[in-house]
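Spelled out, the chains give:
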Amino acid sequence: MSAFRALAVASGHSAQFVTFMTLLQPGDQIIASKYLYGGSHTQMDITLRKWGVDTVFVDSITVASRECFKYAQVQPEGMSEKTGKPDNRGAYGLLGQEMIAWLTHLQHTPGKNVWLVGILDKRLDDFNRPYFTLQIEGAKTGLELPGIVDEVVTMAELKTEDGKPYRAFICQTLNPFGYPAKDRSGQLDAIEEPHLGRLMEKIRRPLGDPPPARLEFGRPAAADATPNPTDATKGA
């Protein structure tokens, strides 16, 4: 294996530091998992903030929904008023309210871009047809989430014409794969390279000419008003 340029460092912590200092500048933001090694968490939460690089720590939305459901189960809404026993219907109702309130709060966070990561499930409908859905507790959050966020992006493994697999971002609702996706910016193609930094650059660039229409609609040709003699014969 050969490389044009390479840099060797003594530790993973040093490797992170070199990467951050190369790619980031004051005003940039990092979205990171809450469950990081302690040194990495300190580096992002304290050291980088001194240099104007902000970090938002967010659990995956899949894990967040599970933790929220645990919370909902021990609240008064999660207990039956008559028997005092757990009431899953009430717990799921509270779960939906809390999750939507949390997502709406993140949506209105000023000056920050927040990415939520979740697990995608492949399921079968009543007619044994496959479809994809976000792995999340309760139905309410999964149904309302696309209306709250600006972008829905699915990272998927696709194949070239000769069968070679490659990873890509699916970014538009109308895609031939059936993956959940949405692009409110109007800047993204249906398939983008799996690079979050370049995806953000493309979303934030100034919008030039109006994006091409996603749908094409042609009115059917006007029906011939002259009666068809063959049809008249059939009706006789």
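Preceding this section is the structure that the text describes.
Overview of the structure. (Residues numbered from 1 in each chain as written. Predicted model: local features only at pLDDT ≥ 70, side-chain atom pairs only at ≥ 80, totals over all residues. Heavy atoms only, no water.)

This next bit is on a nonpolar patch on the surface. Nonpolar side chains collect at one region of the surface, where Leu-7, Val-9 and Val-18 lie side by side and expose about 250 Å² of accessible area between them. Mapping Val-9 onto the fold places it in the segment before helix 1 (12–23). The exposure class assigned to Val-9 is partly exposed, which follows from its relative accessible area of 38%. (Patch = residues over 30% accessible without salt bridge, like charges linked within 9 Å, V, L, I, M, F, W, Y side chains within 5 Å. Areas by Shrake-Rupley, 256 points an atom, 1.4 Å probe, with all protein chains shown as cover. Salt bridge = Lys/Arg side-chain N within 4 Å of Asp/Glu carboxyl O. Helix = DSSP H or I, 4+ residues; strand = E, 2+ residues; numbered from the N terminus. Buried < 20%, exposed > 50% of the residue type's maximum accessible area, 1.4 Å probe, protein only.)

With that out of the way, let us pick up the packing of helix 4 (residues 88–107) against helix 5 (residues 139–148). Relative to each other, helix 4 and helix 5 sit at 20°, their axes nearing to 10 Å. Looking at the two axes, helix 4 sits roughly parallel to helix 5. Helix 5 is crossed by helix 4, and the crossing has right-handed handedness. Across the interface between the two elements, Gly-96, Gln-97, Met-99, Ile-100, Leu-103, Thr-104 and Gln-107 from helix 4 touch Lys-140, Thr-141, Glu-144, Leu-145 and Ile-148 from helix 5. (Axes fitted to C-alpha atoms, helices over the stretch in contact; angles between N-to-C directions. Parallel < 35°, antiparallel > 145°, perpendicular 65-115°, else oblique. Left-handed = near helix turned anticlockwise from the far one by under 90°. Contact = heavy atoms within 4.5 Å.)

Time to look at the nonpolar core. Generally speaking, soluble globular proteins have nonpolar side chains that are buried together. Ile-61, Leu-95, Met-99, Leu-103 and Leu-145 are the most contacted members of the largest nonpolar core, which totals 15 residues. Looking at this core, the elements that each hand over two or more residues are helix 3 (61–73), helix 4 and helix 5. Of the residues forming this core, the biggest block, six residues, is contributed by helix 4. Setting aside chain neighbours within four positions, we find Leu-145 in contact with Ile-61, Leu-103 and Leu-134. (Core = buried A, V, L, I, M, F, W, Y, C linked by side-chain atoms within 4.5 Å.)

Structurally, the position occupied by Gln-172 is in the loop between strand 7 (165–170) and strand 8 (182–183). On the basis of relative accessibility, which here comes to 14%, the residue Gln-172 falls in the buried class. A distance of 2.8 Å separates a polar atom in the side chain of Gln-172 from the backbone oxygen of Leu-188. (Polar contact = N/O pair within 3.5 Å; in protein donor to acceptor, adjacent residues only side chain to side chain.)

So, about the pairing of strand 4 (residues 130–134). Relative to strand 4, strand 3 (residues 120–124) runs antiparallel, the two sharing five bridges. Bridge pairing in strand 4 links Leu-124 to Pro-130. (Pairing = 2+ DSSP bridges.)

It is worth spelling out the pattern of salt bridges at this point. Evaluated as defined, the whole model comprises eight salt bridges. Residue Glu-192 is joined to Lys-202 by a salt bridge in which the shortest nitrogen-to-oxygen separation is 2.6 Å. Here Lys-202 lies in helix 6 (residues 196–204) and Glu-192 lies in strand 9 (residues 191–192), a separation of ten residues in the sequence. For the residue pair Glu-192 and Lys-202, the accessibility class agrees, reading buried in each case. Linked by salt bridges that have partners in common, Asp-189, Glu-192 and Lys-202 make up one network.

Before going further, it helps to examine the environment of Gly-52. The residue Gly-52 is located in the loop between helix 2 (38–50) and strand 2 (54–57) in this model. When its relative accessible area of 34% is taken as the criterion, Gly-52 is described as partly exposed. Remark: the alpha-carbon pair of Gly-52 and Gly-27, spanning 25 residues in sequence, is separated by 5.5 Å.

With that out of the way, let us pick up the packing of aromatic side chains. Considering all chains together, one arrives at three aromatic pairs under this definition. A centroid spacing of 4.5 Å and a plane angle of 45° characterise the contact between Phe-132 and Tyr-179, whose relative ring orientation is tilted. Of this pair, Phe-132 sits in strand 4 while Tyr-179 sits in the loop between strand 7 and strand 8, placing them 47 residues apart in sequence. We classify Phe-132 as partly exposed; its relative accessible area is 22%. For Tyr-179, a relative accessible area of 16% translates into the label buried. Considering the side-chain rings of Phe-177 and Tyr-179, the 6.2 Å spacing of their centres and the 35° angle between planes classify their relative orientation as tilted. In textbook terms, an aromatic cluster arises when at least three aromatic residues are bridged by ring pairs, as seen for Phe-132, Phe-177 and Tyr-179. (Phe/Tyr/Trp six-rings, centres within 6.5 Å; stacked < 30°, edge-to-face > 60°.)

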